[in-house]
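Summary of structural features
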Amino acid sequence: MPDVSDFILKLQRRRIEGSHATARQTAELLRSVVSQTRMPYTNQAAALLDAVRAVGEQLIAANPVELAVGNIVRRVLHIIREEDLSSSAVSFEGLMISEKSDDEDDADHKGGPVLSAAAVAAAARSTLRPRSLQTLLEDGPLPAAPSKSSSAGDSEGKSKSDKSAVGKRLKHSVIEAINLLIEEIDDCYEDISEQAVEHIHQNEVILTLGRSKTVKEFLYAAKQKNRSFRVFVAEGAPRYQGHVLAKELIQKGLETTVITDSAIFAMISRVNMVIVGAHAIMANGGVIAPVGMNMLALAAQRHAVPFVVVAGSHKLCPLYPHNPEVLLNELKSPSDLIDFGEFSDCMDFGAHGGAPLMHVVNPTFDYVPPNLVSLFITDTGGHNAAHMYKLIADYYSADDLVIKRKSTSSN
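Residues numbered from 1 in each chain as written. Predicted model: local features only at pLDDT ≥ 70, side-chain atom pairs only at ≥ 80, totals over all residues. Heavy atoms only, no water.

With respect to the element layout, Ala45 can be found in helix H3 (residues 44–62). On the basis of relative accessible area, Ala45 is assigned to the buried category, the value being 10%. Counting along the chain gives 126 residues from Ala45 to Lys171, while the straight-line C-alpha distance between them is 8.6 Å. Among all residues touching Ala45, those that are not within four sequence positions of it are Ile80, Asp84 and Leu170. (Helix = DSSP H or I, 4+ residues; strand = E, 2+ residues; numbered from the N terminus. Buried < 20%, exposed > 50% of the residue type's maximum accessible area, 1.4 Å probe, protein only. Contact = heavy atoms within 4.5 Å.)

One open sheet accounts for three strands, arranged S5-S6-S8; its pairing is antiparallel. Two strands in the sheet have a free side with no partner beyond their single neighbour: strand S5 (280–281) and strand S8 (365–368). Across two bridges, S5 lies against strand S6 (residues 287–290) in antiparallel orientation. Pairing of Ala280 across the sheet is with Ile288, part of S6. (Pairing = 2+ DSSP bridges.)

Below, the discussion takes up the sheet that holds strand S2 (residues 230–234). Sheet strands pair by backbone hydrogen bonding; their relative direction is either parallel or antiparallel. If you walk across this open sheet you meet the seven strands as S3-S2-S1-S4-S7-S9-S10, and the pairing is mixed. Both edges of this open sheet fall to strand S3 (255–259) and strand S10 (381–383), since each of them pairs with a single strand only. Going from strand to strand, the sheet's axes swing by 25 degrees on average, the running direction of each strand aside. Alignment of strand S9 (residues 375–378) against S10, held across three bridges, turns out to be antiparallel. Bridge pairing in S10 places Thr378 opposite Gly381. (Axes fitted to C-alpha atoms, helices over the stretch in contact; angles between N-to-C directions.)

Below, the discussion takes up unusual backbone geometry. At the junction of Ala237 and Pro238, the peptide bond is cis and its omega measures out at 5 degrees in the coordinates. Here Pro238 is to be found in the loop between S2 and helix H10 (241–251). Even without glycine at this site, Asn226 takes up a positive phi of about 65 degrees. What makes Asn226 exposed here is its relative accessible area of 66%. Of note, the phi angle at Tyr240 is positive, near 55 degrees, even though the residue is not glycine. Along the chain, Tyr240 falls in the loop between S2 and H10. Owing to a relative accessible area of 37%, Tyr240 belongs among the partly exposed residues under this scheme.

What follows deals with the layout of surface pockets. The calculated volume of the largest pocket comes to roughly 1,300 Å³. Contributing to the lining of the largest pocket are 40 residues, with Glu17, Gly18, Ser19, Arg211 and His279 lying nearest its centre. Grouping the amino acids of the lining of the largest pocket by side-chain chemistry returns 14 nonpolar, 14 polar and twelve charged. Considering the residues around the second largest pocket, the lining is formed by 13 residues, among which Ile60, Ala61, Arg74, Glu325 and Ile403 are closest to the centre. Looking at the lining of the second largest pocket, the elements that each hand over two or more residues are H3 and helix H4 (67–110). Of the residues forming the lining of the second largest pocket, the biggest block, four residues, is contributed by H4. Of the residues assigned to the lining of the second largest pocket, the class counts are seven nonpolar, two polar and four charged. (1 Å grid on protein atoms, 1.4 Å probe; cavity = no way out; pocket = protein on both sides within 12 Å on 5 of 7 lines; lining within 4 Å. Points joined across faces, edges and corners; volume = space filled by probe spheres on them. Nonpolar A, V, L, I, M, F, W, Y, C, P; charged D, E, K, R; others polar.)

By the secondary structure assignment, Glu82 is in helix H4. Sequence separation between Glu82 and Ser397 is 315 residues, and the spatial gap between their C-alpha atoms is 9.4 Å.

What follows is about the pattern of salt bridges. Where charged atoms from two side chains of opposite charge approach closely, those side chains can pair. One pass over the full model with this rule turns up twelve salt bridges. With a closest N to O distance of 2.6 Å, Asp186 and Arg24 form a salt bridge. Of this pair, Asp186 sits in helix H7 (residues 148–193) while Arg24 sits in helix H2 (residues 19–36), and the two are 162 residues apart along the sequence. Notably, a salt bridge pairs Arg75 with Glu184, separated by 3.2 Å at the nearest N-O pair. Placement of the pair is Arg75 in helix H4 and Glu184 in helix H7, with a sequence separation of 109 residues. Judged by its relative accessible area of 23%, Glu184 falls in the partly exposed class. (Salt bridge = Lys/Arg side-chain N within 4 Å of Asp/Glu carboxyl O.)

The values reported here are purely geometric and, on their own, carry no functional implication.
This is the structure in structure tokens:
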């Protein structure tokens, strides 16, 4: 089996940065799991589902905040179900063709020359009459009748080989479908960027927050199409990823202005469109995004500025924010906000009866409700929030929303 424990360790220690890299590596690992799963003679699809589900449960538990892991696990489970239905349909079609050919053979026999009653009776008598010595010498020995045991053994062997071939075809088709999924993940930036020229127009002002590679590639593509526009980048405190994005945009020749997060409401009236990335898009059209995004969405709504979210389809999550499987947030180290040396006296546990007077909260994500999102741009096109559940339903099966291994213990 592939080295699942090594990948789990990387997830637990947050060594894989970004949803894109996480989704791709998860798909590659599950492809290896499918490839190395031993296929039984029966219930081949169930064997693959159990193998993927067992590994997927461990991966999700290793880093529940990274929803892309669960998304890819559910996508692969859906692929197995779809390919199993497809192979079953092909087998049924082959059976129907076989029955049809048998019927056609019968029709051909019926359409042949009709024997008279006398000819039929003569043939019957010839069949029933004992063979003469001369006939035996001329015709040679009678062919030996096949034994029942050998016939049964041949049919059983053929049945097993047929089932083995079906299992191999199913595994091959699932692996091919996972390869297409990996290509889809790799191409998502390009597919989304191709739509930039349809949404960014001449002399517009675009506002974004933090750093998103999808947003960066989207703006690059518009620049390459000779669109002239300005970009306001909110710095995204306390990690200040907006500073990194601003530097990358300037290197590509884009006119860029860095603003503080607290200046968003002051600057939003000058903006034509807000374009941001997402950590995950939920089934109700809500967005889990870097902290500060909800404030930006509220400012955009207040000033009637379109709030556009760009994200690959691997970030589409079939769960709702209230589902217990969804961990909406993660608290980062307080050291991003304060200097422990400067505030050490405020955080003294012994000075005030064992409880410090100062607490530091440093959340990673915000939740943006669907009513604040104007448009989603994915690698499949543009969608509004009300139709996201239909798009998500094409990628996932309702049976796979909760990833849990089937218990093998008997009561």
